[in-house]
Structures are given as C-alpha cells and as structure tokens.
Amino acid sequence: MTVLPRAFAWQRTDTTGGEFVTLDDRRGLRAKGVAFAADNALYVCRYELHTDEMWVSTRLELTVEGGGWRRALRMERAAGRWRVTTSEQGDLERALPTAPMPGIEEPDRLHSVLDVDLYNSPLTNTLPVRRLGLHRAPAGTKVEIEAAWVLLPSLAVLPCTQAYEVLGPGRVRYRSENFTADIQLTDDGYVADYPDLATLA
C-alpha cells in the first residue's frame, strides 16, 4: 500500500462531521479520504480520487454506508467519456425516503465535465482551483465549469454548472445556481475556510 505524503482534515461547521484525506499532489492529485456527517442521514464515506498531471479528474471510487445500507460508486474518464457504475446493499430509502438512485442514467450528460465535486467536501473545490490556476490568478479572474456533482449519501451524479471568481489573494467566490460562498484558500489552493460548511483543522 502506497503511503501518501500529505494530510488534511476539515471540521464541519454546519453539522456534526468532518473529512480527513491523505494525498500526493506532486503530479496532479492522488487522494484517499474519509468523511462522515449527520445531516440528511448518518453516514460515513470513503473515497479514492485521481487526476492527471493537469488536474483533470480521471477516477473517483467511493463507498457510503449507514445503518442497514451501503452504496458504492465508480466513475472513470477515458478517451473523453465517463463510465459510471454503482452497487447497492440494504435499504437507504428506509432511512432517507427521498434518496435518489445512485449514479446517472445517461453518462453522456457528463461529456464536458473535467472536475468531480463530492457533496460538502472541501477537497474537491481544489480541483478546478488547481486545474485553472485560480490560487495564483489576479483578482477579477472569472471562470465557469461543468462539474459532476456527487450527492451524499445517495451517490446520485448530476451535471452541475459552477462559477469561480478570484476576489484577491487566497480568496475565491463560488457560485452554483442560487448558492454563493466566498472561500478562503491556502497558498497552494486548498480550502482553509468555507463559510457555513467547514474549516481546515
């Protein structure tokens, strides 16, 4: 088993929960993490995330489990197309009746997606920041991306338009539909503080 050289931990500020990740970001990103929360349903999520050297997402594997249920998702990008597979045990709908099915029925809807965005994960905000160099870009820089938004705990995958605007050194504004957040970044582009979500430990 490979030992990864860096580690980050975030504490949730909106609910009981947190995220811990070990990673190697010397040539793109390779990360292994675990997150738990008690918001929609009590769950723990374990994931492995890979990008290429340009920080384009290439693979995400994760499992989520709670009392009486377990779901798994694998997303892999090759030759410009995403392949998405899922598995399920137990009954999440009993704990969360509104939970959608895992995965996505039409993966071709993700054809323009270069970034994955794991629900309420501070780590995945770093993907477009590093890919586009926003942590070093001048104030006023604006970009719009298409991300694959992976919902927790259901593991449903949705295409999602997101916008980032550089506000100044170490600060970006994130927008998606009617949601806006001004995020503080570390010098190397990781989330230091995400208001009403999480703070770096």
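Residues numbered from 1 in each chain as written. Predicted model: local features only at pLDDT ≥ 70, side-chain atom pairs only at ≥ 80, totals over all residues. Heavy atoms only, no water.

**Some remarks on the overall build of the protein**
The helix and strand inventory of the protein stands at 2 helices and 14 strands. Overall, the C-alpha framework of the protein stretches about 50 × 40 × 40 Å when taken along its three principal axes. Looking at the protein residue by residue over its 201 residues, the buried ones come to 48%. Of all intrachain contacts in the protein linking residues separated by at least 6 positions in sequence, the fraction that spans at least 24 positions is 44%. Charge-centre separation for the protein: the mean point of 23 positive side chains lies 4 Å from the mean point of 28 negative side chains. (Helix = DSSP H or I, 4+ residues; strand = E, 2+ residues; numbered from the N terminus. Buried < 20%, exposed > 50% of the residue type's maximum accessible area, 1.4 Å probe, protein only. Contact = heavy atoms within 4.5 Å. Lys, Arg positive; Asp, Glu negative; His and termini not counted. Charge placed at Lys NZ, Arg CZ, Asp CG, Glu CD.)

**With respect to the environment of Gly90**
Here Gly90 is to be found in strand E7 (residues 81-90). With a relative accessible area of 59%, Gly90 lands in the exposed category. When residues no more than four places from it in sequence are discounted, the contact partners of Gly90 are Gly68 and Trp69.

**Quick notes on the nonpolar core**
Counting 52 residues, the largest nonpolar core has Tyr47, Leu62, Met75, Leu110, Leu123 and Val150 as its most contacted members. Not counting residues within four places of it along the chain, the set of residues in contact with Met75 comprises Thr58, Arg59, Leu60, Trp82, Arg83, Val84, Leu110, Val116, Ala148, Val150 and Val157. (Core = buried A, V, L, I, M, F, W, Y, C linked by side-chain atoms within 4.5 Å.)

**Topic: the packing of aromatic side chains**
Enumeration over the complete set of coordinates arrives at 5 aromatic pairs. One aromatic cluster in this structure is built from Phe8, Trp10 and Tyr190. (Phe/Tyr/Trp six-rings, centres within 6.5 Å; stacked < 30°, edge-to-face > 60°.)

**Description of the pairing of strand E6 (residues 69-78)**
In the sheet, strand E5 (residues 57-66) pairs with E6 via 8 bridges, with the strands oriented antiparallel. Counted as the bridge partner of Thr63 is Ala72 from E6. Between E5 and E6, which follow one another and run antiparallel, lie 2 residues, and Gly68 among them has a positive phi close to 85 degrees. Across 10 bridges, E6 lies against E7 in antiparallel orientation. When the sheet's bridge partners are listed, Arg71 is paired in E7 with Glu88. Hairpin connection between E6 and E7: a loop of 2 residues separates the two successive antiparallel strands, and Ala79 in this loop has a positive phi of roughly 55 degrees. (Pairing = 2+ DSSP bridges.)

**Notes on the environment of Ala198**
One can find Ala198 in strand E14 (residues 198-200). Relative accessible area serves as the criterion here: at 1%, Ala198 is assigned to the buried category. Not counting residues up to four positions away in its chain, the partners in contact with Ala198 are Trp10, Gln11, Arg12, Thr13, Pro122 and Asp193.

**Quick word on the side chain of Asp25**
Following the sequence through the fold, Asp25 ends up in the loop between strand E2 (17-24) and strand E3 (30-38). There is a polar contact of 2.8 Å between the side chain of Asp25 and the side chain of Arg6. Looking at Asp25, its side chain comes within polar contact range of the side chain of Tyr190, at 2.7 Å. Once you skip the residues sitting within four places of it in the chain, Asp25 turns out to touch Arg6, Trp55, Arg130 and Tyr190. (Polar contact = N/O pair within 3.5 Å; in protein donor to acceptor, adjacent residues only side chain to side chain.)

**Re unusual backbone geometry**
With an omega of 5 degrees, the peptide bond running from Leu152 to Pro153 counts as cis. The residue Pro153 is located in the loop between strand E9 (142-150) and strand E10 (157-168) in this model. For Asn120, which is not glycine, the phi torsion reads 60 degrees and is therefore positive. Residue placement: Asn120 occurs in the loop between strand E8 (115-118) and helix H2 (122-131). Accessibility expressed as a relative area gives 23% for Asn120, which makes it partly exposed.

**Here we look at the pairing of strand E13 (residues 191-194)**
In terms of strand pairing, strand E12 (residues 179-185) meets E13 through 2 bridges, oriented antiparallel. Considered in E13, the bridge of Leu185 is made with Val191. If you look at the hairpin formed by E12 and E13, you'll find 5 residues sitting between the two strands, and Gly189 has a positive phi there, around 90 degrees. Sheet topology places E13 next to E14; 2 bridges connect them, and they run antiparallel. Counterpart to Asp193 in the pairing with E14 is Thr199.

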